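The chain contents come next:
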Amino acid sequence: QVQLVESGGDSVQPGDSLRLSCTASARSLSTLVVAWFRQAPGKEREFVARVNYNGDTTYYADSVKGRFAISRDNAKNTVYLQMNSLKPEDTAVYYCSVIPPGSDSRTWGQGTQVTVSS
């Protein structure tokens, strides 16, 4: 069973940058599509970005396109979310997620808090 751990969340000012990391244990991520989601207080969890198994195909929500970049280092079993030009509306708990082979449900990490405020 893959276990995901997110890190890198922080409290920053508008316009700042952060890089989140998602590291897996108990299983390699190298064959899996990995996605980032986020959930703001009082809102539904929403999709942010995803990357295919080797990193050459990415997809973003319109709200982050051009500001966020997802990447992966399979040698480190880690997926990153580089977040630039952060806005207050980016404030949320950020989760990474995979659908393990043979499963029809997502595995989630515990999340990392990102707060953007002046």
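Above this text you will find the structure in question.
This section reports on the structure supplied with the text. (Residues numbered from 1 in each chain as written. Predicted model: local features only at pLDDT ≥ 70, side-chain atom pairs only at ≥ 80, totals over all residues. Heavy atoms only, no water.)

**Topic: the packing of aromatic side chains**
Under the definition given, this model contains 4 aromatic pairs. Cation over ring: arginine 45 sits above tyrosine 95, and NZ or CZ is 3.8 Å from the ring centre. Stacked on the ring of tryptophan 108, the Lys or Arg arginine 45 has its end atom at 4.4 Å from the ring centre. (Phe/Tyr/Trp six-rings, centres within 6.5 Å; stacked < 30°, edge-to-face > 60°. Lys NZ or Arg CZ within 6 Å of the ring centre and 35° of its normal.)

**Some words on the pattern of salt bridges**
Here the structure, examined in full by the defined rule, presents 4 salt bridges. Close ionic contact of arginine 38 with aspartate 90 constitutes a salt bridge, the shortest N to O distance being 2.9 Å. With arginine 38 in strand 4 (residues 34-39) and aspartate 90 in the loop between strand 8 (78-83) and strand 9 (92-98), the pair connects residues that are 52 residues apart, well separated along the chain. Summarising the burial analysis for this pair, arginine 38 and aspartate 90 share the class buried. (Salt bridge = Lys/Arg side-chain N within 4 Å of Asp/Glu carboxyl O. Helix = DSSP H or I, 4+ residues; strand = E, 2+ residues; numbered from the N terminus. Buried < 20%, exposed > 50% of the residue type's maximum accessible area, 1.4 Å probe, protein only.)

**Considerations on the pairing of strand 1 (residues 3-7)**
Covered by surrounding structure in strand 1 are Leu4 and Glu6 only, the residues Gln3, Val5 and Ser7 on the alternate face being uncovered. By the bridge criterion, 5 bridges tie strand 1 to strand 3 (residues 18-25) in an arrangement that is antiparallel. Along strand 3, the bridge assignment pairs leucine 4 with alanine 24. (Pairing = 2+ DSSP bridges.)

**Brief notes about the state of the cysteines**
Per the counting criterion, the structure on display carries 1 disulfide. Across the disulfide, cysteine 22 is cross-linked to cysteine 96 (sulfur-sulfur distance 2.0 Å). Looking along the S-S bond of the cysteine 22-cysteine 96 disulfide, the torsion reads about 65°, which is the right-handed sense. Here cysteine 22, found in strand 3, pairs with cysteine 96, found in strand 9; they are 74 residues apart in sequence, far enough to count as distant. (Disulfide = S-S within 2.5 Å.)

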